Amino acid sequence: MSGFLGGLVFGLAGGITIALGTIMGVWAERKISGRVQMRLGPQEQGPFGLLQVPADTLKMMLKEDITPRNADARVFRFAPYVVFVPVAMGLVVIPFAVGWAPLDTSIGILFFLAVPSLSSIGMLLGGWSSRNTYATLGGMRAAAQMISYELPRTLSVLSIVLLAGSLRPLDVLDAWRVWWLPLIFVGFIVYYISSVAELNRGPFDIPEAESELVAGYFADYSGIRWGIFMMSEYGGLVAASLFGSAVFLGATRWLPGALGVIVFVLVAALIASSMIWIKWTFPRMRPDQLMRTAWKVLTPIALVQLAVVGVVVPWL
Amino acid sequence: MTMEVESRREVSGEDDLARQELVVNVGPSHPSTHGVCRVIVHVDGEVVTKAEPVIGYLHRGIEKMCENRTYLQVVPLTDRLDYVGSMYANWAYCRAVERLASIRVPERAEYLRVIVCEMQRIASHMMALGSSAADTGAASMFIYAFDERERIVELFEELCGARLTYNYVRPGGVSFDAPEGWTDRLKDFTNNHRTALSEMDRLFFGNVIARGRMKGIGVLSAEDAVSWGASGPVARGSGVNWDLRKHDSYSVYPRFDFDVPTGSNGDAYDRGRCRLFECYESCRIIEQAAAQMPEGPVKTDGLSRLISPRPGDAYDHIESARGSLGVYVVSEGGPRPYRVKFRSPAFCNLALLPMLAEGHTLSDLVVVLGSLDPVFGEVDR
């Protein structure tokens, strides 16, 4: 396929994947939180309430898109895209099957770690341009949090890179062995926790802490721009779960062929569901506790994990 | 809701960086102000340097309105003071009027009053625990606590037809006798409630994040608690063993065996835990009262609807879910009170907010406010 046509096809496929993932993410969040809280969750709109999310999306599109009078209008309108696009870009390097990823690049893992974290700039822009004290505080918190959790997350993924000897996700999947699982289990826990923090989800949802900052950096957003913030959160949830399932746990290799892909999706769904479960069970941390967890707990653990893997690798 | 930056002033930091203090206007309509409270918060980064509560957004002039109503017509107004615990203001007011007009109350009515007030204490504490959990982000704990409150509200609905403003305790007794089988349903409730309480204890107070959020936050010393006039779980969380049910043993409370839980650290965690343990004690009181309750009338016979006490004044107080609730009634002899004054515990407890929140972060401010459990109907009156 020529470059442009191929790009178009992959772009469309990626768009559909992220839209579907977001829809399933929102639906799962509503259903799981409903069960956690002894409610039913949506059930009137279509089978199992599946049409609730399209209905919500339609509602958001039809709602008025308000720009506050005091806001820096151009930055304010632009910020949601700066949040969403990097998150969506992170999805393209995920190996969906053995030997196939939308974008097969030799620095895929670096790309996955680096590009989605650009969205913190969008959060800062959105919070700052709103000219709202809550949003400003939320934006600052978001930036501080995402930068802090970048480190343990990257370090934990490095263990896998070291074991596989490659930054190319498809190579990692090829090199994946079952005995890696016990070896990198702690690293996976670090990856899991710091992913939740990267996504600004509970118990680390301090940038949008509704009981303190109303909605944090997107307090002043309405309509579809607010929806784009939501979409990027769920897009990030889907991406982090898929990456964890494929690259970390190698779920695609657990069963041969197409069955492997099914297992991969199921494991990713399990990771995403548990993240939702945690959000609805735990209270929220305080910003300083959050930073302490990142720098004094997760980073040393990830470093020890990396050191252990580093000792093992030469013996392979 | 306007959130504009009201003023910025230079703050001298220890380092050479130029800093600016940011003024955040929290409220009057904000998710964690538990009503309509406005707090003007000065923050240096995330740290609160000054928190100033602005009250009065729910002022309806209830004390003044009382002067234009007959003694019986005042009771529904007292419902609207502490709308999370309407029974308390009902009862405190009725006690003052009964003292003023020398009205005797049948024993069964006293038992019913104790039962509904202890149920109200559980309902109110469930509201307090649930909403302070929601303040820290534990959304499900909020639902669980409200589920327990709903059971009580249903029982109240059976008893007097209302779910929030009961108008149940009246001078000379209570409005309705307990319906058929009500005490049995009460027993079922207390049995189930103990299980729910231990579940909530493990889910929330046992959680490492919740402990980290609440321990050492908003520490109130016992001396300060006394000198600022704090009462209820706010004072007891600091280790002040002060409970009017024990120390003024009004009504039929001396006949029941119960303990007064107290904390030791005086932080948000101890205040929250005190409320939780009080629910266990309330269950004990309800069970004993339901077992001992005698048969008989629930209203004094021959009491005029137009109570006209002799000139004079009377003060009485009870232990509400928030602390010592006092009512002072002055009569000039007519069918209407000359003056009614409420001593609201939530008002006194709220006064502690600037002291407790200072030096903590903005996130802790909502925890401190939640642990004081103010109800603004009672603060603003």
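Source: prediction; values computed, not measured. (Residues numbered from 1 in each chain as written. Chains lettered and ligands numbered in written order. Predicted model: local features only at pLDDT ≥ 70, side-chain atom pairs only at ≥ 80, totals over all residues.)

1. Digging into the overall build of chain A
Argument step 1. Of regular secondary structure, chain A possesses 13 helices and 0 strands.
Argument step 2. For chain A, whose C-alpha radius of gyration is 20 Å, the value lies close to the compact-globule estimate of 20 Å for 316 residues.
Argument step 3. Considering only C-alpha atoms, chain A reaches an extent of 65 × 45 × 45 Å along its principal axes.
Argument step 4. Burial analysis of chain A (316 residues in total) assigns 50% to the buried set.
Argument step 5. Long-range contacts, defined as pairs at least 24 residues apart, comprise 77% of the intrachain contacts of chain A with a sequence gap of at least 6. (Helix = DSSP H or I, 4+ residues; strand = E, 2+ residues; numbered from the N terminus. Rg over C-alpha atoms; globule rule 2.2 N^0.38 Å. Buried ≥ 20, exposed ≤ 12 C-beta atoms within 10 Å, placed from the backbone. Contact = placed C-beta atoms within 7 Å.)

2. Some points on the overall build of chain B
Argument step 1. On a plain count of helices and strands, chain B comes out with 15 helices and 9 strands.
Argument step 2. Here chain B has a C-alpha radius of gyration of 22 Å; the compact-globule value for 381 residues is 21 Å, and the two agree.
Argument step 3. Dimensions of chain B, computed from the C-alpha atoms along their principal axes, are close to 80 × 45 × 35 Å.
Argument step 4. In chain B, buried positions account for 52% of the 381 residues.
Argument step 5. The long-range fraction of contacts in chain B, counting pairs at least 24 apart against all pairs at least 6 apart in sequence, stands at 68%.

3. Here's the deal with the interface of chain A and chain B
How large an interface is tends to be reported as the accessible area lost when its parts come together.
Argument step 1. Listed by partner, the interface residues are 24 residues for chain A and 28 residues for chain B.
Argument step 2. In the side of chain A that touches chain B, the residues fall into 11 nonpolar, 7 polar and 6 charged. (Nonpolar A, V, L, I, M, F, W, Y, C, P; charged D, E, K, R; others polar.)

4. A few points about the pairing of strand E3 (residues 38-44) of chain B
All names here are of chain B.
Argument step 1. Only one face of E3 is covered, namely the one carrying Val39, Val41 and Val43; the face carrying Arg38, Ile40, His42 and Asp44 has none of its residues buried.
Argument step 2. Bridge count between E3 and strand E4 (residues 47-54): 7 bridges; the pairing is antiparallel. Within the sheet, the bridge partner assigned to Val43 lies in E4 and is Val48.
Argument step 3. Taking the residues that link successive antiparallel strands as the turn, the E3-E4 hairpin has 2 residues, and the phi of Gly45 there is positive, at about 70°. (Pairing = 2+ DSSP bridges.)

5. Digging into the environment of A:Glu150
Argument step 1. Relative to the helices and strands, A:Glu150 is located in helix H6 (residues 133-164).
Argument step 2. In this structure A:Glu150 comes out as partly exposed when scored by C-beta crowding, with 18 C-beta atoms within 10 Å.

6. A look at the sheet that holds strand E8 (residues 323-331) of chain B
One key point about sheets: their strands pair by backbone hydrogen bonds, in either a parallel or an antiparallel sense.
Residue and element names in this part refer to chain B.
Argument step 1. Read across the open sheet, the 3 strands follow the order E7-E8-E9; overall the sheet is antiparallel. Edge strands, defined here as strands with exactly one partner in the open sheet, are strand E7 (312-320) and strand E9 (337-343). The mean angle between the axes of side-by-side strands here comes to 15°, regardless of whether they run parallel or antiparallel. (Axes fitted to C-alpha atoms, helices over the stretch in contact; angles between N-to-C directions.)

7. Quick word on helix H9 (residues 185-198) of chain A
Residue and element names in this part refer to chain A.
Argument step 1. End to end, H9 covers 20 Å across 14 residues, agreeing with the expected 20 Å (1.5 Å per residue, within 8%).
Argument step 2. Along H9, 11 of the 14 residues are buried, which leaves the element largely enclosed by surrounding structure.
Argument step 3. Of the residues making up H9, those classed as buried are Gly187, Phe188, Val190, Tyr191, Tyr192, Ile193, Ser194, Ser195, Val196, Ala197 and Glu198.
Argument step 4. The inward-facing, buried residues of H9 abut H6, helix H11 (223-248), helix H12 (257-281) and helix H13 (287-312).
Argument step 5. Just downstream of H9 lies Asn200, where phi reads positive at about 55°. (Expected span 1.5 Å × (residues − 1).)

8. What about the packing of H9(A) against H11(A)?
Residues and elements named next belong to chain A.
Argument step 1. It is at 11 Å that the axes of H9 and H11 come closest, and there the two elements cross at 170°. Classified by the angle between their axes, H9 and H11 sit roughly antiparallel to one another. Along this stretch, H9 crosses H11, giving a crossing that reads as right-handed. Mapping the contact onto sequence places Phe188, Tyr191, Tyr192 and Ser195 in H9 and Ala240, Gly244 and Phe248 in H11. (Parallel < 35°, antiparallel > 145°, perpendicular 65-115°, else oblique. Left-handed = near helix turned anticlockwise from the far one by under 90°.)

9. Digging into the packing of helix H11 (residues 268-292) of chain B against helix H14 (residues 362-372) of chain B
All names here are of chain B.
Argument step 1. One can describe the packing of H11 onto H14 by two numbers: an axis separation of 9 Å at closest approach and a directional angle of 35°. Between H11 and H14 lies a crossing whose hand is left-handed. Mapping the contact onto sequence places Ala268, Arg271 and Gly272 in H11 and Val367, Val368 and Ser371 in H14.
Argument step 2. Partitioned by chemical class, the residues of the contact of H11 with H14 number 3 nonpolar, 2 polar and 1 charged.

10. Notes on the domain arrangement of chain B
Residues and elements named next belong to chain B.
Argument step 1. Looking at chain B, the domain boundaries give domain 1 (8-54) and domain 2 (62-380).
Argument step 2. Each partner contributes to the interface: domain 1 provides 17 residues, whereas domain 2 provides 18 residues.
Argument step 3. Counting only elements with at least two residues in the side of domain 1 that touches domain 2, the list comes to E3 and E4.
Argument step 4. Per element, the largest residue contribution to the side of domain 1 that touches domain 2 is 7 residues, and it comes from E4.
Argument step 5. Here the side of domain 1 that touches domain 2 is composed, by residue class, of 9 nonpolar, 5 polar and 3 charged. (Domains from an automatic or database assignment.)

11. Considering the environment of A:Asn200
Residue and element names in this part refer to chain A.
Argument step 1. Here Asn200 shows up in the loop between H9 and helix H10 (210-213).
Argument step 2. Under the C-beta neighbour-count criterion, Asn200 is labelled buried, with 27 such atoms within 10 Å.
Argument step 3. Along the chain, Asn200 and Val261 lie 61 residues apart, while their C-alpha atoms are 28 Å from each other.
Argument step 4. In this structure, Asn200 is in contact with Ala142, Gln145, Asp205, Pro207, Glu208 and Glu233, ignoring residues within four places of it in sequence.

12. Brief notes about the environment of B:Val26
Argument step 1. The residue B:Val26 is located in strand E2 (residues 19-26) in this model.
Argument step 2. When the C-alpha atoms of B:Val26 and B:Asp224 are compared, they prove to be 26 Å apart, with 198 residues separating the residues in sequence.

13. Concerning unusual backbone geometry
Residue and element names in this part refer to chain A.
Argument step 1. Non-glycine residue Met38 carries a positive phi angle of around 60°.
Argument step 2. Among the secondary structure elements, Met38 is positioned in the loop between helix H1 (3-36) and helix H2 (52-62).
Argument step 3. With a phi close to 55°, Arg131 is a non-glycine residue in the positive phi region.
Argument step 4. Inspection of the secondary structure puts Arg131 in the loop between helix H5 (119-129) and H6.
Argument step 5. Arg131 sits in the partly exposed class, given 18 other C-beta atoms within 10 Å.

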